[in-house]
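Structural characterization, general
Given next are the chains, with one letter for each unit.
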Amino acid sequence: MRYFVIVGHKAATTGDFKLDDISGGAGRLDILVRCVNSAFFLSHDIRRDTELFLVLQGGDDPPKTIRFSGTELRYLNPDERSTSSLIRNALMKKMDAEEVRSSPGIYVSRDHFAKVVAMLAEKGRVVYLKEDGADIDGTEMPEDPVFVISDNKDLTEEEELVLLEHDPYKLSIGPYSLHADHCMIVVHNKIDRDHH
């Protein structure tokens, strides 16, 4: 399995945003929506071996985590508007302490970043995508990697400390900073090539 954790520092945590304003009024939700597409879409199929966790930390009701499970996903389309709608529907769900299913393959919880990372660290090796990490070329990917990526802002000092508790494998995908969704495609391609 491949796991991706994307931190949305200002991303909306309530479903009262307009679908026409996901980059402004929804706290750069557009970045996270593109990450959903990069995580799952192949040309004519969906990656079933992938789980994506969007950790939303903005808005009026943080934190919330939306989990996308590739093995169960239905109704996911490649356009940003329909993906935003699926996220908005998840954010409108009433929940207590437990994770709640919003639609097939999409779940919402009140899990915070540290809890998500700790839970996934038990399933696979945490990988921190960072410019000063080991070069992805010639590097063997760990089994069941857990990639942690930030939105258009770097991880905070506190978030980085949480990661370092799990002795992450630092990996660089190139000499330049890329958009989060582009990083995911590079990583997928590397694993695809290694295991094809």
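Scroll up to find the structure.
For clarity, every value in this text was computed on a predicted model and none was experimentally measured.

Focus on the pattern of salt bridges
Applying the stated criterion to the full structure yields 14 salt bridges. Residue Lys190 pairs with Asp194 through a salt bridge whose shortest N-O separation is 3.2 Å. On the criterion of helical spacing, the pair formed by Lys190 and Asp194 is a turn pair, its members being four residues apart in helix H5 (residues 180-195). Classification of Lys190 as buried rests on a relative accessible area of 13%. With a relative accessible area of 39%, Asp194 lands in the partly exposed category. When salt bridges that share partners are traced, they join Arg2, Arg47, Asp49 and Asp192 into one network.

Some remarks on the packing of aromatic side chains
Counted according to the given criterion, the structure contains two aromatic pairs. Measuring from centroid to centroid gives 5.3 Å for Phe4 and Phe147, while their planes differ by 25°, and the two rings are stacked. Note that Phe4 is positioned in strand E1 (residues 2-8) and Phe147 in strand E7 (residues 146-150), a separation of 143 residues in sequence. Phe4 sits in the buried class, given a relative accessible area of 0%. Its relative accessible area of 0% is what places Phe147 among the buried residues. Summarising the aromatic geometry, the rings of Phe40 and Phe68 are spaced 6.3 Å apart at their centres and angled 40° between planes, so their arrangement reads as tilted.

Comments concerning the environment of His44
Tracing the sequence through the fold places His44 in the loop between helix H1 (29-40) and strand E2 (50-56). Once the C-alpha coordinates of His44 and Glu159 are considered, the two residues, 115 residues apart in sequence, prove to be 36 Å apart. One polar contact links His44 to Ser43, side chain to side chain, over a distance of 3.5 Å.

What about helix H3 (residues 113-121)?
Three or more residues of H3 are buried, namely Phe113, Val116, Val117 and Leu120. Each buried residue of H3 lies within a common arc of 95° when the element is viewed along its axis, so the set occupies one face. Turning to H3, the residues buried within the fold contact E1, E2, strand E3 (64-69), strand E6 (126-135), E7 and helix H4 (157-164).

Considerations on the pairing of strand E5 (residues 106-109)
Neither face of E5 is exposed, since Ile106 and Val108 on one face and Tyr107 and Ser109 on the opposite face are all buried. Pairing between E3 and E5: four bridges, direction antiparallel. Across the sheet, the residue bridging to Phe68 is Ile106, located in E5. Pairing of strand E4 (residues 100-103) with E5 involves three bridges; the strand directions are antiparallel. Within E5, the residue paired with Val100 across the bridge is Val108.

Here is what the cut-offs are and how they apply
- All residue numbers refer to positions counted from 1 along the written sequence of the respective chain.
- For a predicted model such as this one, the threshold for reporting local features is a pLDDT of at least 70, and the threshold for listing and counting side-chain atom pairs is 80 or more; totals across whole chains, interfaces and linings nevertheless cover every residue.
- Processing note: side-chain calculations cover all non-hydrogen atoms of the structure and skip hydrogens and water entirely.
- In the sections that follow, a salt bridge refers to a side-chain nitrogen of Lys or Arg positioned within 4 Å of a carboxyl oxygen of Asp or Glu.
- Each helix is a run of H or I in the DSSP string that is no shorter than four residues. Each strand is a run of E no shorter than two, and both are numbered from the N terminus.
- The cut-offs for exposure are 20% and 50% of the maximum accessible area for each residue type, with area from a 1.4 Å probe on protein chains only; residues under the lower value are buried, those over the upper are exposed, and the others partly exposed.
- Note on aromatic contacts: the rings of Phe and Tyr and the six-membered ring of Trp form a pair at centre separations within 6.5 Å, being stacked when their planes are under 30 degrees apart, edge-to-face when over 60 apart, and tilted otherwise.
- Polar contacts here mean pairs of N or O atoms no more than 3.5 Å apart (in protein, one a potential hydrogen donor and the other a potential acceptor; neighbouring residues in sequence count only if both atoms are side-chain atoms).
- Working note: the arc is built from the helix axis to C-beta atom directions.
- Two residues form a contact once any of their heavy atoms are found within 4.5 Å.
- If DSSP finds at least two bridges between two strands, the strands pair.

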